[in-house]
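Observations on the model geometry
Spelled out from the first residue to the last, the chains are:
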Amino acid sequence: MSNLIEKGKKASAYQAVDENIDHSTKIIGIGSGTTIVYAVERLAERVKQENLDIQCVPSSFQAKQLLAKNNLKITDLETFTSIDVTIDGADEVDKNLVCIKGGGGCHLQEKLIAYCAKKFILIADYRKKSTELGQSWHNGIPIEVLPSAYRLVKENIEKLYGGNAKLREFTGSTLGKAGPIITDNGNFILDWIFEIKDDNSGYDWNTINTNIKMIPGVIETGLFIDMAKVAYFGNADGTVTKL
Ligand code: 5RP
């Protein structure tokens, strides 16, 4: 990964933590991915320096490991259903703060901690900022599905909206083993590569999200609509653009 991208990730994460966490923050939701690693690093530094009294709700096995490695206190949504601040990465964010998440397959639990948060904050490097979804980063929209329903969900999404809903698979090893990627929750993921419209007009993501969620077997989509309050995009020169 280029140094400039890492610089952008770190800048966004550090600024988000510094501007949104203080002594009044008690419960923090922690997303997944590579950018969140910098946020946890900064959080751990500040907990030590300022003796902050915080507990963190992880969104994945990766996030839990990361918190444990940094000696941060771990809690869960059974203990707290209200979170002061949730910080998370994103795969792409549009001009209205609608975003796509789930590149790492963790969007189901990420959506839970985003939903429970009084303030949901996105952190990302400059490549993730788009006017319309699909413009800067077209890996599609991850959809977590019940394994036995993946074909019916795939066919129905494609029938409704076109594009290609691909089962996420690992590509095999020297042993030749290949197969579907399994989420932390034991499910499959479809990456729906939606069609980019020629005239660049956007989609009605709210309606699309609702209709996809109506298909039996869909557990959660990676579309986060009306959830984020602010996004921090770290630039290659270490500055941060806020949206
Ligand atoms: C995982 C996610 C991640 O937050 C998203 O993929 C961004 O990751 P990164 O910070 O590595 O770019 O949604 O499911």
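Here the structure is a predicted model, which means the values were calculated and not measured.

Parameters at a glance
- Residues numbered from 1 in each chain as written.
- Predicted model: local features only at pLDDT ≥ 70, side-chain atom pairs only at ≥ 80, totals over all residues.
- Helix = DSSP H or I, 4+ residues; strand = E, 2+ residues; numbered from the N terminus.
- Rg over C-alpha atoms; globule rule 2.2 N^0.38 Å.
- Buried ≥ 20, exposed ≤ 12 C-beta atoms within 10 Å, placed from the backbone.
- Contact = placed C-beta atoms within 7 Å.
- Domains from an automatic or database assignment.
- Nonpolar A, V, L, I, M, F, W, Y, C, P; charged D, E, K, R; others polar.
- Pairing = 2+ DSSP bridges.
- Axes fitted to C-alpha atoms, helices over the stretch in contact; angles between N-to-C directions.
- Near = placed C-beta within 6 Å.
- Parallel < 35°, antiparallel > 145°, perpendicular 65-115°, else oblique.
- Left-handed = near helix turned anticlockwise from the far one by under 90°.
- Core = buried A, V, L, I, M, F, W, Y, C linked by C-beta atoms within 7 Å.

Let's shift gears to the overall build of the protein chain. Check the secondary structure of the protein chain and you find 6 helices and 15 strands. Relative to the 2.2 N^0.38 estimate, which gives 18 Å for 243 residues, the radius of gyration of the protein chain is 18 Å and therefore close to what a compact globule would have. Each principal axis of the C-alpha atoms in the protein chain carries an extent, and together these give about 55 × 40 × 40 Å. Counting the 243 residues in the protein chain, one finds 42% classified as buried. Taking the intrachain contacts of the protein chain between residues at least 6 apart in sequence as the baseline, contacts between residues at least 24 apart amount to 76%.

This part is about the domain arrangement of the protein chain. Partitioning the protein chain into domains gives domain 1 (1–129 + 225–237) and domain 2 (141–219). Just the C-alpha atoms count here: the centres of domain 1 and domain 2 sit 25 Å apart. If you tally residues by element for the side of domain 1 that touches domain 2, the top one is helix α4 (residues 107–115), at 3 residues. Considered class by class, the residues forming the side of domain 1 that touches domain 2 number 6 nonpolar, 5 polar and no charged.

Another point: the sheet that holds strand β13 (residues 223–224). The strand order across the open sheet built from 3 strands is β4-β5-β13, with neighbouring strands paired in antiparallel fashion. The sheet is open, and its two borders are formed by β4 (92–93) and β13, each paired with just one other strand. With 2 bridges joining them, β4 and strand β5 (residues 99–100) adopt antiparallel strand pairing. Counted as the bridge partner of E92 is I100 from β5.

Time to look at the sheet that holds strand β15 (residues 240–242). Remark on secondary structure: sheet strands pair via backbone hydrogen bonds, oriented parallel or antiparallel. Taken in spatial order, the 6 strands make up an open sheet running β2-β1-β3-β6-β14-β15, and their pairing is mixed. Sheet topology places β2 (55–58) and β15 at the edges, where each strand pairs with a single neighbour. Taken pair by pair, the neighbouring strands of this sheet meet at an average axis angle of 20°, ignoring direction. Examined bridge by bridge, strand β14 (residues 230–234) and β15 share 3 bridges and lie antiparallel to one another. Note that in β15 the partner of Y232 across the bridge is K242. Where helix α3 (residues 61–69) meets the sheet, it contacts β1 (27–30) and β2, and its direction lies at approximately 155° from that of β2. Here α4 sits on the sheet and contacts β1, β2, β3 (83–88) and β6 (117–125); the angle it forms with β3, its principal contact strand, is near 140°.

Within the secondary structure, D125 is located in strand β6. A residue is classified by how many C-beta atoms lie within 10 Å of it, and D125, with 26 of them, is buried.

Lining the immediate environment of the ligand, one finds 17 residues, of which G33, T35, G89, G103 and G104 sit closest. Residues that form the shell around the ligand fall into these classes: 2 nonpolar, 11 polar and 4 charged.

Following both chains from N to C, one finds helix α1 (residues 3–20) and helix α2 (residues 35–50) inclined at 40°, their axes separated by 8 Å at the closest point. Between α1 and α2, the crossing angle belongs to the class labelled oblique. Along this stretch, α1 crosses α2, giving a crossing that reads as right-handed. Taken together, the residues of α2 that come into contact with α1 (itself represented by K9, K10, S12, A13, Y14, A16 and V17) are T35, Y38, A39, R42, L43 and R46. Residue classes in the contact of α1 with α2 are distributed as 7 nonpolar, 2 polar and 4 charged.

What follows is about the nonpolar core. Core analysis: the largest hydrophobic core is formed by 57 residues, its most contacted members being I30, A39, I87, L122, I123 and I143. Taken domain by domain, the makeup of this core includes at least three residues from each of domain 1 (1–129 + 225–237) and domain 2 (141–219). Excluding residues that lie within four positions of it along the chain, I30 makes contacts with I36, V40, C56, V57, P58, S59, A63, L67 and I87.

Relative to the helices and strands, N71 is located in the loop between α3 and β3. Note: C-alpha distance between N71 and A44 (27 residues apart in sequence) is 7.4 Å.

Right, let's get into the pairing of strand β7 (residues 141–145). Most of β7 sits inside the fold, with 5 of its 5 residues counted as buried. Side chains I141, I143 and V145 of β7 all project onto a buried face; the interleaved residues P142 and E144 project onto the opposite face, where all are buried too. Judged from the 5 bridges that link them, β7 and strand β11 (residues 188–193) form a sheet pairing that is antiparallel. Its bridge partner being in β11, I143 is matched across the sheet by L190. Pairing analysis gives 3 bridges linking β7 to strand β12 (residues 218–221), with the strands arranged antiparallel. Bridged to V145 within β12 is V218.

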